[in-house]
Amino acid sequence: MKFLKLFLFLSLAACLNKDMGPEAALRDFVESRLGAIVSRDFLLERLTGKMYQSVQNMSDEDFQKFSDLKNVKSDSFKIHSKSCQEKKCFITYSIGYMTKDGEKTNYQSEVKKIAEIVQVDNKWLIADVSNIKTYHESMEPINPLE
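In this text the structure is predicted, and so the values were computed from the model without any measurement.

Participant: Break down the state of the cysteines for me, citing the residues and quoting the values.
Facilitator: One pass over the full model with this rule turns up one disulfide. Covalent S-S linkage joins cysteine 84 and cysteine 89, the inter-sulfur distance amounting to 1.8 Å. Around the S-S axis, the bridge from cysteine 84 to cysteine 89 shows a dihedral of about 115 degrees and counts as right-handed. Note on cysteine 84: relative accessible area 39%, which makes it partly exposed. A relative accessible area of 1% places cysteine 89 in the buried class.

Take a look at the structure:
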């Protein structure tokens, strides 16, 4: 019995200390942004390359608009494919989400994307994200004059 407890403890400790892989880093990045307002430092810690430069060079006003996703509620996150080399991965994934105004859902959306994720100093960071396809469904008629 003692050995079983020791084995379970060591297994749990090994899982907790294990570095995040590319899929986990991407999932953490996406899920931590939806439904929240994140800081520039929070994003910069998870980015590299083009994405890092883009976020760093944003004006404060543009960054505020970009980072404020508190009215967006995640519906689904699905990884479709992954192509990895030693220190670089390309992951095709889709995100389903609802845009809300209080308790009322205004839009239901699904976006398919490709993320380039690079390993820097034993940490997986998002280098670039490209949209493949976007689908928005409005829950009420859209008035183009507004």
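Participant: Can you explain the side chain of threonine 99? Please cite residues and give values.
Facilitator: Residue position: threonine 99 is located in strand 2 (residues 88–101). Taking relative accessible area as the criterion, threonine 99 reaches 17% and is therefore assigned buried. With near-sequence residues (within four places) excluded, threonine 99 lies in contact with Asn71, Val72, Lys104, Thr105, Asn106 and Tyr107.

Participant: Provide a residue-level description of helix 2 (residues 22–33), including the pertinent values.
Facilitator: Relative to the 16 Å expected for 12 residues at 1.5 Å per residue, helix 2 spans 17 Å between its end C-alpha atoms, a close match to the ideal helical length. Every buried residue of helix 2 is listed here: Pro22, Ala25, Leu26, Phe29, Val30 and Arg33. Down the axis of helix 2, the sector holding all buried residues measures 125 degrees, keeping them to one side. Looking at the buried residues of helix 2, the elements they touch are helix 3 (40–44), helix 5 (60–67), strand 1 (72–84), strand 2, strand 3 (104–120) and strand 4 (123–138). A positive phi of about 80 degrees marks glycine 35, the residue just after helix 2.

Participant: Lay out the pattern of salt bridges in plain terms, naming residues and giving numbers.
Facilitator: Per the counting criterion, the structure on display carries 10 salt bridges. Two residues, arginine 46 and aspartate 28, come together in a salt bridge whose shortest N-O distance is 3.4 Å. Of this pair, arginine 46 sits in the loop between helix 3 and helix 4 (49–57) while aspartate 28 is found in helix 2, placing the two residues 18 residues apart along the sequence. Take arginine 46: its relative accessible area is 21%, and that puts it in the partly exposed class. Overall, aspartate 28 belongs to the partly exposed group, its relative accessible area being 29%. Among the ionic pairs, glutamate 61 bridges to lysine 65, the shortest N-O distance being 3.6 Å. Of this pair, glutamate 61 and lysine 65 both sit in helix 5, four residues apart, which is roughly one turn of the helix. Given the relative accessible area of 55%, glutamate 61 is considered exposed.

Criteria and thresholds
Residues numbered from 1 in each chain as written. Predicted model: local features only at pLDDT ≥ 70, side-chain atom pairs only at ≥ 80, totals over all residues. Heavy atoms only, no water. Disulfide = S-S within 2.5 Å. Buried < 20%, exposed > 50% of the residue type's maximum accessible area, 1.4 Å probe, protein only. Helix = DSSP H or I, 4+ residues; strand = E, 2+ residues; numbered from the N terminus. Contact = heavy atoms within 4.5 Å. Expected span 1.5 Å × (residues − 1). Arc of directions from axis to C-beta. Salt bridge = Lys/Arg side-chain N within 4 Å of Asp/Glu carboxyl O.

So far we have only geometry, and geometry alone does not tell us how the molecule works.
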